[in-house]
Amino acid sequence: MAHEASLYLRQHQANPVDWYPWGEEAFARAREQDLPILLSVGYSSCHWCHVMAHECFENEQLAAVQNRLFVSIKVDREERPDVDRVYMEALQALTGSGGWPMTMFLLPDGRPFYGGTYFPAHDRAGLPGFGRVMASVAEVYRARHEEAVRVAADLSRALLPRPPAAPASEPLSAAALDRCATALVAAADPAHGGVGGAPKFPQAPLLEFLLARAALVDDEAALSTVGLTLERMATGGINDQLAGGFHRYSVDDRWGVPHFEKMLYDNGPLLALYAQAWALTGEPLYARIARQTAGWILHEMQSPNGGYYSSLDADSEGQEGRYYTWDTAEIRKLLSAVEYAVCAPRFALDRPANFEGRWHLHVQAGIRDIADSLGKNATDVESLLASTRVKLLATRRGRVRPGLDDKVLTAWNGLTVRGMAIAGRLLDEPRFVESARRAVTFIRSHLWKDGRLLASWRDGWAKLPAYLDDYAFLLDGILELIQAQAHWDSDLFAFARELADALLAHFEDKPHGGFWFTADDQDTPLHRPRNFTDESLPSGNAIAARALLRLGHLCAEPRYLDAAERTLKAALPGMLCYPEAHAAMLLALQNGLEPPALIVMRGNQEKLYAWRAALDRMFNPRRIVLAIPNDAKNLTGLLAQCAPRGDVCAYVCRGKQCSLPVMTIEKLSEIQPC
């Protein structure tokens with residue numbers, strides 16, 4: 001473990017367990033000694049992974065049993081999503097549920113025959129102790145070996161990809177979007193927003209689909225659902241009320257108490273969502289949350305080299321949430337009496353503790369209500385809350401910080417590049433756009449080798465062939481960055497095409513539609529996974545389809561458009577049956593029903609910027625705006641048709657046709673698609 005780049009694997013280097021990283025050495029030893037494999041999968045910021053490590057893997061007696069009975073393999077699920085995905089499917093087939101830490105027991109050839117998630121050291125709360133589990137599994141492997149082999153064979157067959165379903169009989173149409181949107185709104189929590197009960201996850205793709213629908217077809221029910229959810233998340237404990245940035249999920253249905261890790265892959269999409277919601281509605285809360293989230297990414301998650309780090313731990317000082325929670329006596333000492341008088345009702349300090357005898361801050365009372373109750377005006381209350389935040393945040397920053405996983409993952413960086421680019425453009429914040437540009441520059445310098453991406457970088461070490469999500473998310477982010485930058489970047493546009501070409505060459509399932517999760521030259525345990533549903537990340541297939549649709553229209557490239565259409569057709573049966581699991585694909589379908597509204601502006605830099613800013617004030621989620629200076633070279637496709645005319649002009653393009661040049665911003669505002 002000490003020789004691995006992964007922080008999660010290094011966290012286990014001092015365990016008395018004889019851990020192996022995933023690789024042939026471990027499997028060879030299992031075959032030679034005829035031992036089953038204990039596969040443990042987790043990630044560095046996972047609270048229950050830490051708990052099991054402390055209780056089981058640091059226990060000398062349990063480790064001795066584990067070393068004697070098994071060959072043990074540790075996997076960082078964030079580095080090896082291919083390994084995590086196939087064994088999580090196996091765990092869900094065995095138990096009906098999943099999660100991390102994931103504990104799987106395998107035959108020496110890698111086929112699973114038993115599994116679970118967290119096991120305590122000893123029997124507790126209905127869970128079997130880890131020692132008893134290991135003894136039972138080893139006994140099955142030795143004394144009932146044929147049974148273990150049979151279970152492994154049956155499970156492996158069940159996990160093999162089924163023949164793709166026949167494409168849906170109905171065509172790709174708005175009717176499918178209507179039915180799915182109605183189902184999603186009906187499934188929403190009318191009291192607190194979001195979908196489902198506790199635990200409650202943000203589900204950014206689902207909310208972005210409903211927001212886009214509200215913008216495109218004036219769907220009031222969809223907008224109401226999104227608005228309630230965004231407001232409750234923004235004011236809830238899932239959002240860090242002091243420093244910004246969203247925690248992973250809420251353990252209750254009110255967004256009050258979170259599971260405290262902060263993941264980059266949540267915050268990039270939520271940043272884009274809040275920025276777009278502000279652009280559509282003008283609600284100041286959304287702009288404030290977008291700026292706070294972007295600020296947290298800039299200050300805590302971007303490396304000096306430009307790449308974005310992966311996550312912050314849930315734990316500090318051995319306790320979950322210790323860094324974020326408070327004792328009211330501590331707050332009273334930090335604040336003046338008048339500050340505490342507004343802080344207490346605002347953040348529910350005058351109510352019972354909400355997390356293990358301590359207070360985790362969430363908004364309980366509105367500014368006007370506090371002002372009225374104290375006989376103050378709202379401006380004074382806001383000023384007092386601002387000074388309160390400064391004092392509390394300064395004190396909190398003096399505490400032992402949660403651990404930072406500083407690996408740079410290409411896929412998660414792609415999601416965040418998109419979020420920063422969208423927020424920078426819509427909120428007119430050039431520093432957000434510059435942050436996204438620096439991240440892409442880092443990836444091109446460190447994770448793009450010989451025409452292929454690598455998935456992970458840490459401590460100067462880039463490794464692991466990239467997966468579908470890496471290519472799709474990065475391509476999608478770059479297309480947003482191209483729109484957001486103040487200058488036209490022909491080289492970046494060419495890089496987007498290189499990514500798309502590699503995606504088609506190595507991942508596409510051309511006969512059936514869609515994309516495999518692993519490349520055609522990548523080794524994959526058990527089978528080559530492929531699915532269309534959103535999980536903790538948006539569906540890679542969905543993001544690939546959306547990005548290829550956009551790039552295909554920009555380049556007039558049929559290969560990209562055809563691949564996207566095949567993906568949408570292959571995914572349509574699932575979208576109709578389970579819309580809540582296919583939100584990102586619904587967004588892609590929304591983009592695929594007709595060509596995007598493309599506006600190409602040509603002119604000098606100052607006027608291009610002014611025209612683009614004017615268009616950004618008229619939000620359209622399906623519009624692409626490219627500002628290209630008159631002296632730009634090597635343009636292709638539709639872009640080459642849009643010749644400069646005077647100081648500035650614009651072309652409105654649909655499909656393969658572009659309008660005559662539009663010479664005034666007033667005329668463009670009249671005819672541009674809204």
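Residues numbered from 1 in each chain as written. Predicted model: local features only at pLDDT ≥ 70, side-chain atom pairs only at ≥ 80, totals over all residues. Heavy atoms only, no water.

### With respect to the packing of aromatic side chains
- Inspection of the entire model under this criterion finds 22 aromatic pairs.
- On the basis of an interplanar angle of 55° and a centroid distance of 5.1 Å, the ring pair of tryptophan 48 and tyrosine 118 is categorised as tilted. On the criterion of sequence distance, the pair formed by tryptophan 48 in helix 3 (residues 47–57) and tyrosine 118 in the loop between strand 5 (112–116) and helix 6 (130–143) is long-range, its members being 70 residues apart.
- Residue tyrosine 118 is classed as buried on the basis of its relative accessible area, which comes to 10%.
- Here the aromatic residues Trp19, Phe57, Phe119 and Phe130 are joined through ring pairs into a cluster of three or more.
- The aromatic ring of tryptophan 100 is capped on one face by arginine 77, whose charged end is 3.9 Å from the ring centroid. (Phe/Tyr/Trp six-rings, centres within 6.5 Å; stacked < 30°, edge-to-face > 60°. Helix = DSSP H or I, 4+ residues; strand = E, 2+ residues; numbered from the N terminus. Buried < 20%, exposed > 50% of the residue type's maximum accessible area, 1.4 Å probe, protein only. Lys NZ or Arg CZ within 6 Å of the ring centre and 35° of its normal.)

### Points about the state of the cysteines
- The full count for this structure, using the stated rule, is two disulfides.
- No disulfide involves cysteine 56; its nearest neighbouring cysteine sulfur is the one of cysteine 49, lying 12 Å away.
- Among the residues examined, cysteine 56 registers a relative accessible area of 0% and is labelled buried.
- The thiol of cysteine 555 is not disulfide-bonded; the next cysteine sulfur, from cysteine 642, is found 13 Å away. (Disulfide = S-S within 2.5 Å.)

### Things to note about the packing of helix 15 (residues 367–374) against helix 16 (residues 378–397)
- Look at helix 15 against helix 16: their axes get within 9 Å of each other, and the N-to-C directions meet at 105°. Taken together, the axis directions place helix 15 and helix 16 in an arrangement best described as roughly perpendicular. Contact with helix 15, carried on its side by Ile367, Ile370 and Ala371, involves Ala378, Val381, Glu382 and Leu385 of helix 16 and no other residues of that element.
- The residue makeup of the contact of helix 15 with helix 16, split by class, is six nonpolar, no polar and one charged. (Axes fitted to C-alpha atoms, helices over the stretch in contact; angles between N-to-C directions. Parallel < 35°, antiparallel > 145°, perpendicular 65-115°, else oblique. Contact = heavy atoms within 4.5 Å. Nonpolar A, V, L, I, M, F, W, Y, C, P; charged D, E, K, R; others polar.)

### Quick notes on the sheet that holds strand 19 (residues 648–654)
- Sheet architecture is open: four strands sit in the order 18-17-19-20, paired in mixed fashion. Across the chains shown, the open sheet's two edge strands, defined by having one partner strand only, are strand 18 (623–629) and strand 20 (657–658).
- Pairing of strand 17 (residues 597–603) with strand 19 involves six bridges; the strand directions are antiparallel. Considered in strand 19, the bridge of isoleucine 599 is made with valine 652. (Pairing = 2+ DSSP bridges.)

### Some details on the sheet that holds strand 9 (residues 311–312)
- Spatial ordering of the open sheet is given by 8-9-12, a layout of three strands whose pairing is antiparallel. Edge strands, defined here as strands with exactly one partner in the open sheet, are strand 8 (262–263) and strand 12 (404–405).
- By the bridge criterion, two bridges tie strand 8 to strand 9 in an arrangement that is antiparallel. Across the sheet, residue lysine 262 finds its bridge partner in strand 9, namely leucine 312.

### Topic: helix 6
- Taking 1.5 Å per residue, 14 residues should reach 20 Å; helix 6 reaches 20 Å between its end C-alpha atoms and fits that length.
- Residues of helix 6 that are buried make contact with strand 2 (37–42), helix 3, helix 4 (60–69), strand 4 (102–106), strand 5 and helix 7 (145–159). (Expected span 1.5 Å × (residues − 1).)

### So, the pairing of strand 19
- In terms of burial, strand 19 is largely enclosed, as six of its seven residues are buried.
- Where strand 19 lies against strand 20, two bridges are found, and the strand directions are antiparallel. In the strand pairing of strand 20, arginine 654 is matched with glutamine 657.
- Counting the residues between successive antiparallel strands, the hairpin from strand 19 to strand 20 contains two residues, one of them, glycine 655, with a positive phi of roughly 60°.

### Quick look at the pairing of strand 17
- Of all seven residues that make up strand 17, seven are buried, and the element is covered over most of its length.
- Residues Ala597, Ile599, Met601 and Gly603 point to one face of strand 17 and Leu598, Val600 and Arg602 to the other, with burial holding for every one of them.
- With seven bridges connecting them, strand 17 and strand 18 associate as parallel partners. Bridging from a neighbouring strand, alanine 597 pairs with arginine 623 of strand 18.
- For the segment spanning strand 17, helix 24 (residues 605–616) and strand 18, crossover handedness is right-handed. (Right-handed = clockwise from strand over helix to strand, strands pointing away.)

### Section: the pattern of salt bridges
- Under the defined criterion, the tally for this structure stands at 50 salt bridges.
- A salt bridge links glutamate 55 to arginine 124, with the nearest nitrogen and oxygen atoms 3.5 Å apart. With glutamate 55 in helix 3 and arginine 124 in the loop between strand 5 and helix 6, the pair connects residues that are 69 residues apart, well separated along the chain.
- Aspartate 219 is paired through a salt bridge with arginine 213; the nearest N and O atoms lie 2.8 Å apart. Note on accessibility: aspartate 219 and arginine 213 belong to one class, buried.
- A single salt-bridge network, built from bridges that share partners, covers Arg10, Asp406, Arg458 and Asp459. (Salt bridge = Lys/Arg side-chain N within 4 Å of Asp/Glu carboxyl O.)

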